[in-house]
Amino acid sequence: MHAKDYIALEENHGAHNYHPLDVVIERGEGAWVWDVEGRRYLDFLSAYSALNQGHRHPRIMAALSEQAARVTLTSRAFRNDQLGLLYQDLYDMLGYDLALPMNTGAEAVETAIKVARKWGYVVKGIPRHEAEIIVADGNFHGRTITVISFSTEPHYRDDFGPFTPGFTSVPFGDAAALEAAITPRTCAIMLEPIQGEAGVVVPPPGYLRAAADMAARHQVLLIADEIQTGLGRTGKLLSSDHEGVRPDLVILGKALGGGVYPVSAVLADRPILGLIQPGEHGSTFGGNPLGAAVARAALAVLREEGLADRAHDLGTYFMERLVEIPSPLVKEVRGQGLLIGVELKPEAGGARRYCEALMGRGILCKETHQNVIRFAPPLVIDRDALDWAVPHITDVLNPR
Ligand SMILES: *Cc1c(COP(=O)(O)O)cnc(C)c1O
């Protein structure tokens, strides 16, 4: 079979809920993937930061196969010998009393919303079923009905109502607007430290700090969705660390599963996450031993290979190289660590065609929000690979 045959199968028998580039990948290693015709590509998307540790990291693969050879699923009706160890690792690395494991990012976001609402009723004394959560315009927190209920992106939600009430959205990056939206019924503010899907939108310095301070002042929880920005991506373990902010709840996903298995979690201290009682929340696969073993290895790789520092050093270097590219099409280069967005000017005609041109040169990127090319390679990438990519990016951004 050739690439076109695989593509035809997908087109004919799969729902068209994505618009992928037409590259059919059959193998990956580190920062590189190979297609069915044997062509090699540098992966500059890393599955939206789920592959921070790279494709098939040997240590994570070993944890996967060793655990798969013992036991994969117990359900939480019984205990297993991996979950407690994962809790301990999360505590040691991130310092929150408790964790609640789920599978996908959207489920962990839902979990955080439930926990914040319960805290609002039980601790803050908000009248039952009236709690409000403040979010930011342009947010991306997943695809469930509740989560899209507070999306401001029309095609994420237009045909999918009725929506879950209880959310207020304010402009991202505007601390005054955030504070003005707080009411006695507000239980939480939920933010992405950097809005990845909105086009790598970096808020003004001090924004998250201001959000944390006002949350404390008004007895409101700060929830940081670090699913994309966390676990080393931006040059710190959490992006919140850049402003010395310790959110009340942290949501992790993506790279927590080391690029092999969906693992997500909500972290918070005992007075918050300790409110959840048996039966109030759960998931059949959440906290399963295979996922827990993989997540432990994924965290160990981040820690022992210093991937956050690596993201800082290589991100700083790569951003400088990108900024130097002379191009009539580039409006702005922005980002933090190895989460970088290149915003094109309107006359560029959208980012998609440049992603397709880059694919032709062995570089896999995806457009986000029409005009932005996101560069977010696995954190295990080396400087030589970045240096190899720069002239190709330069050529593609200078079409004749
Ligand atoms: C990807 C993402 C999610 C959703 O995660 P899924 O695993 O796709 O459900 C939520 N929040 C942010 C910031 C994300 O980047």
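Residues numbered from 1 in each chain as written. Predicted model: local features only at pLDDT ≥ 70, side-chain atom pairs only at ≥ 80, totals over all residues. Heavy atoms only, no water.

A. Spotlight on the overall build of the protein chain. Secondary structure assignment for the protein chain yields 14 helices and 15 strands. Scaling as 2.2 N^0.38, a compact globule of 400 residues should have a C-alpha radius of gyration of about 21 Å, and the protein chain matches this with 21 Å. Viewed in the frame of its principal axes, the protein chain has a C-alpha envelope of about 65 × 50 × 45 Å. Per-residue burial over the protein chain gives 54% buried out of 400 residues. Summed over all atoms, the accessible surface of the protein chain reaches about 17,600 Å², with 53% contributed by carbon and sulfur. Taken as two groups, the 38 positive and 49 negative side-chain charges of the protein chain have centres that lie 2 Å from each other. (Helix = DSSP H or I, 4+ residues; strand = E, 2+ residues; numbered from the N terminus. Rg over C-alpha atoms; globule rule 2.2 N^0.38 Å. Buried < 20%, exposed > 50% of the residue type's maximum accessible area, 1.4 Å probe, protein only. Areas by Shrake-Rupley, 256 points an atom, 1.4 Å probe, with all protein chains shown as cover. Lys, Arg positive; Asp, Glu negative; His and termini not counted. Charge placed at Lys NZ, Arg CZ, Asp CG, Glu CD.)

B. The arrangement of the domain arrangement of the protein chain in detail. In terms of domains, the protein chain is made up of domain 1 (3-57 + 306-396) and domain 2 (58-304). Inter-centroid distance (C-alpha atoms) of domain 1 to domain 2 is 26 Å. Taken together, the contacts link 33 residues of domain 1 with 34 residues of domain 2. The junction of domain 1 with domain 2 conceals about 2,600 Å² of combined surface from both sides, 54% of it contributed by carbon and sulfur atoms. The interface formed by domain 1 and domain 2 includes 1 salt bridge. A salt bridge links Arg 374 to Glu 197; its shortest N-O distance comes to 2.7 Å. At the junction of domain 1 and domain 2, the tally comes to 25 residue pairs in polar contact (both at pLDDT 80 or more). (Domains from an automatic or database assignment. Contact = heavy atoms within 4.5 Å. Buried area = accessible area lost by both parts, 1.4 Å probe. Salt bridge = Lys/Arg side-chain N within 4 Å of Asp/Glu carboxyl O. Polar contact = N/O pair within 3.5 Å; in protein donor to acceptor, adjacent residues only side chain to side chain.)

C. Fine view of the site of the ligand. Thr 104, Gly 105, Ala 106, Phe 140, His 141, Gly 142, Glu 192, Asp 225, Ile 227, Gln 228 and Lys 254 make up every residue found near the ligand. Between a nitrogen atom of the ligand and a main-chain N or O atom of Phe 140, the distance comes to 3.4 Å. Between Asp 225 and the ligand, the recorded distance is 2.7 Å, taken from a side-chain N or O atom to a nitrogen atom. Relative to its unbound accessible area of 380 Å², the ligand is 82% covered by the protein chains. (Near = heavy atom within 4 Å.)

D. Representation of the sheet that holds strand β11 (residues 330-336). Strand order in this open sheet of 4 strands is β11-β12-β15-β14, and the pairing throughout is antiparallel. Because the sheet does not close on itself, it has two edges, and the strands there are β11 and β14 (366-368). Pairwise comparison of adjacent strand axes, ignoring direction, gives a mean angle of 30° for this sheet. Of the strand pairs in this sheet, strand β12 (residues 339-344) and strand β15 (residues 372-375) are connected by 4 bridges, and their pairing is antiparallel. For Gly 341, the partnering residue across the bridge sits in β15 and is Arg 374. Against the sheet, helix α12 (residues 307-324) engages β11, β12 and β15, with an angle of about 175° to β11. (Pairing = 2+ DSSP bridges. Axes fitted to C-alpha atoms, helices over the stretch in contact; angles between N-to-C directions.)

E. Region of the structure containing the sheet that holds strand β8 (residues 221-225). Strand order across the open sheet formed by 7 strands is β4-β10-β9-β8-β7-β5-β6, with mixed pairing between neighbours. Both outer strands of the open sheet, β4 (98-102) and β6 (167-170), are each paired with one neighbouring strand and no more. Across the sheet, the axes of successive neighbouring strands diverge by a mean angle of 20°, strand direction being ignored. Sheet topology note: the β4/strand β10 (residues 264-268) ladder contains 5 bridges and is antiparallel.

F. Seen up close, a nonpolar patch on the surface. A surface patch of nonpolar side chains, about 310 Å² in accessible area, is lined by Met 1, Tyr 6 and Leu 9. Here Tyr 6 is to be found in helix α1 (residues 3-13). The partly exposed category is assigned to Tyr 6, whose relative accessible area is 32%. (Patch = residues over 30% accessible without salt bridge, like charges linked within 9 Å, V, L, I, M, F, W, Y side chains within 5 Å.)

G. Inspection of helix α4 (residues 83-94) at higher detail. For α4, built from 12 residues, the straight-helix expectation of 16 Å at 1.5 Å per residue is met to within 8% by its first-to-last C-alpha distance of 16 Å. All buried positions along α4 are accounted for by Leu 83, Leu 86, Asp 89, Leu 90, Met 93 and Leu 94. All buried residues of α4 project into a common sector of 115° when viewed along the axis, lining one side. Where α4 is buried, its residues touch β4, β9 (249-252), β10 and α11 (289-304). The first or second residue beyond α4 is Gly 95, which carries a positive phi of 75°. (Expected span 1.5 Å × (residues − 1). Arc of directions from axis to C-beta.)

H. Here's a closer look at the side chain of Arg 233. Looking at where Arg 233 falls in the secondary structure, it is placed in the loop between β8 and β9. Buried within the structure, Arg 233 lacks any salt-bridge partner; its nearest side chain of opposite charge belongs to Asp 43, at an N-O separation of 8.2 Å. Side-chain polar atoms of Arg 233 contact the side chain of Asn 52, separated by 2.8 Å. A distance of 2.8 Å separates a polar atom in the side chain of Arg 233 from the backbone oxygen of Pro 377.

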